[in-house]
Amino acid sequence: MRETGGRGPIRGGRGAGRPTLEEVAARAGVGRGTVSRVVNGSPRVSESTRAAVEAAVAELGYVPNRAARALAANRTDAIALVVPEVEHRFFVEPYFSDILRGVGAALDDTDMQLLLTIVGNDRERGRLAHYLAGHRVDGVLVVSLRADDPLPDLLTGLGIPAVISGRRSADEPLPWVDADNVAGAREAVAHLVARGRRRIATITGALDVYGAQCRLDGYRAGLAEAGLPVDESLVVPGDFTEASGRAAMESLLTRDPLPDAVFVASDVMAAGARQVLRERGIRVPEDIAMVGFDDSAIARHMEPPLTSVRQPIEEMGRVMAQTLLTEIARPTLPVGIPRPPQPRLMLPTELVARSSS
């Protein structure tokens, strides 16, 4: 488990002369409990008393002790963003930075601290489990889950609120936010068909990731809607890395006849595939048209610029964080009272057409 950052300044202990709750109470002429209620936003205080306390707070420069307030409320005022990937992928793929940007935007106006944790192997996963078992965070955001990842079940067992992006299956029981991967892939294929392409290949993502399965399903559905058969020899697996995009395209170039188009399940893989085509002297889009997925900066900077399916990644991060804050604030229900349905939100995708197709 690698902790790569937090939010906000880190303050030390009480400095000399720092005003106390008791001093504010004396200045306002009220009891310590009244000051505490005002500071914590309780409605059980008269307007005149509230005004007197707020004036004393301003005069003395009193700053509430967040740690003490969190302890009193049985809260840590911290959430974790967990990325179950190797560190290299986190830093090279725009998807993760966009998610992080969206989460940060949602937390800007809150007191929540953000702990970013990259979990790339079993040892780090075990350390994370031990950390979470100590209830050191109020909730967890998880991205890029594989089907057999035990982390969501661990969170459920610990009773820690969680929201995920990248469901493990269609029946994911935890709250989730996702993009419509099936519709996005279907639209990519329809776009290529409209451009006159008939022998359309695909480079899939890692198929133990549910989103990659959905993009493959969308590819198949798009061909079926166009009345085109699915040629399984044109379905080549990748793992969302640039190297796998290269390897998959090299495999596709052994097919006879060659595909006249390829839908690639991520822009990163598309960049690797494009390098192979350039090295072989195969023109894009004249010989082989290309469509990617994500609409990252990579798509805009390729030559030619890559047509890509835009998923609102930053928005997904923002909505995930907002959903988690709502889950954290949800009161504990008495035994026998059913919980409301878990939040589940599918965000739309959009095809962005450029010169590669």
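Quick caveat: nothing in here was measured; it's all calculated off a predicted structure. (Residues numbered from 1 in each chain as written. Predicted model: local features only at pLDDT ≥ 70, side-chain atom pairs only at ≥ 80, totals over all residues. Heavy atoms only, no water.)

Draft legend 1. Geometry of the overall build of the protein. When its secondary structure is counted, the protein shows 14 helices and 13 strands. With 357 residues in all, the protein has 48% of them scored as buried. For the protein, long-range pairs separated by at least 24 residues make up 72% of all intrachain contacts whose partners lie at least 6 apart in sequence. Put simply, the protein shows about 16,800 Å² of open surface, and 52% of that area lies on carbon and sulfur atoms. (Helix = DSSP H or I, 4+ residues; strand = E, 2+ residues; numbered from the N terminus. Buried < 20%, exposed > 50% of the residue type's maximum accessible area, 1.4 Å probe, protein only. Contact = heavy atoms within 4.5 Å. Areas by Shrake-Rupley, 256 points an atom, 1.4 Å probe, with all protein chains shown as cover.)

Draft legend 2. Main features of the packing of helix α11 (residues 242-252) against helix α12 (residues 267-279). Contact geometry of α11 with α12 gives a least axis separation of 6 Å together with a crossing angle of 45°. Between α11 and α12, the crossing angle belongs to the class labelled oblique. The element α11 and its partner α12 pack so that their crossing is right-handed. When α11 is examined against α12, the residues Glu242, Ser244, Gly245, Arg246, Met249 and Glu250 are found in contact with a partner set consisting of Val268, Met269, Gly272, Ala273, Gln275, Val276, Leu277 and Glu279. Residues belonging to the contact of α11 with α12 are distributed by class as follows: six nonpolar, four polar and four charged. (Axes fitted to C-alpha atoms, helices over the stretch in contact; angles between N-to-C directions. Parallel < 35°, antiparallel > 145°, perpendicular 65-115°, else oblique. Left-handed = near helix turned anticlockwise from the far one by under 90°. Nonpolar A, V, L, I, M, F, W, Y, C, P; charged D, E, K, R; others polar.)

Draft legend 3. Region of interest: the packing of helix α6 (residues 94-107) against helix α14 (residues 313-329). Between α6 and α14, the least distance of the axes is 7 Å, while the angle of their chain directions is 45°. The orientation of α6 with respect to α14, classified from their angle, is oblique. For the pair α6 and α14, the sense of crossing is right-handed. Two secondary-structure elements touch here, α6 through Tyr95, Asp98, Ile99, Arg101, Gly102, Val103, Ala106 and Leu107 and α14 through Ile313, Glu314, Met316, Gly317, Arg318, Ala321, Gln322 and Leu325. Here the residues of the contact of α6 with α14 are counted per class, giving nine nonpolar, three polar and four charged.

Draft legend 4. Summary view of the packing of aromatic side chains. Enumeration over the complete set of coordinates arrives at four aromatic pairs. Aromatic side chains Tyr95 and Phe96 sit 5.4 Å apart centroid to centroid with 85° between the ring planes, which places their arrangement in the edge-to-face category. You can call Tyr95 buried: its relative accessible area is 16%. On the basis of relative accessible area, Phe96 is assigned to the buried category, the value being 2%. (Phe/Tyr/Trp six-rings, centres within 6.5 Å; stacked < 30°, edge-to-face > 60°.)

Draft legend 5. Main features of the sheet that holds strand β8 (residues 235-237). Reading across from one edge, β8-β7-β9-β10-β11-β13 is the order of the six strands in this open sheet, with mixed pairing throughout. The sheet is open, and its two borders are formed by β8 and β13 (350-352), each paired with just one other strand. The sheet shows a mean angle of 20° between the axes of neighbouring strands, taken without regard to direction. Alignment of strand β7 (residues 200-204) against strand β9 (residues 261-264), held across four bridges, turns out to be parallel. Bridging from a neighbouring strand, Thr202 pairs with Phe263 of β9. (Pairing = 2+ DSSP bridges.)

Draft legend 6. Here's a closer look at the confidence of the model for the protein. For the protein, per-residue confidence averages 87 on the pLDDT scale, and 88% of positions sit at 70 or higher. Taken as a whole, residues 6-16 scores under 50 in pLDDT and shows nine contacts with residues more than four places along the chain or in a different chain. (pLDDT = per-residue confidence, 0-100.)

Draft legend 7. Fine view of the nonpolar core. By size, the foremost hydrophobic cluster in this structure holds 46 residues, and its most contacted members are Tyr219, Val262 and Met290. Those elements giving two or more residues to this core turn out to be α9 (181-194), β7, α10 (210-225), β8, α11, β9, α12 and β10 (289-294). When residues of this core are assigned to their parent elements, the largest contribution, six residues, is made by α12. Judged by nonpolar contacts, the second largest core, of 27 residues, contains Phe90, Ile99, Val103 and Val143. (Core = buried A, V, L, I, M, F, W, Y, C linked by side-chain atoms within 4.5 Å.)

Draft legend 8. Inspection of the pattern of salt bridges at higher detail. Taken as a whole and judged by the stated rule, the model has 22 salt bridges. Note that Asp122 and Arg125 form a salt bridge whose closest N and O atoms lie 2.8 Å from each other. A residue pair is termed a helical-turn pair when its members lie 3 or 4 positions apart in one helix, as Asp122 and Arg125 do in helix α7 (residues 122-133) at three residues. On the accessibility criterion, Asp122 (64% relative accessible area) is exposed. By relative accessible area, Arg125 is classed as partly exposed at 24%. Residue Arg168 is joined to Glu172 by a salt bridge in which the shortest nitrogen-to-oxygen separation is 2.8 Å. The network of salt bridges with shared partners includes Glu85, Arg89, Glu93, Arg146 and Asp208. (Salt bridge = Lys/Arg side-chain N within 4 Å of Asp/Glu carboxyl O.)

Draft legend 9. Layout of the environment of Pro150. Within the fold, Pro150 resides in the loop between β4 (139-143) and α8 (151-158). Expressed as a C-alpha distance, the spacing of Pro150 and Arg125, which sit 25 residues apart in the sequence, is 9.3 Å.

Draft legend 10. Layout of the pairing of strand β3 (residues 113-118). Of all six residues in β3, five are buried; the element is thus mostly enclosed. Both strand β2 (residues 78-83) and β3 contribute to a ladder of six bridges, which runs parallel. Bridge pairing links Ile79 to Leu114 in β3.

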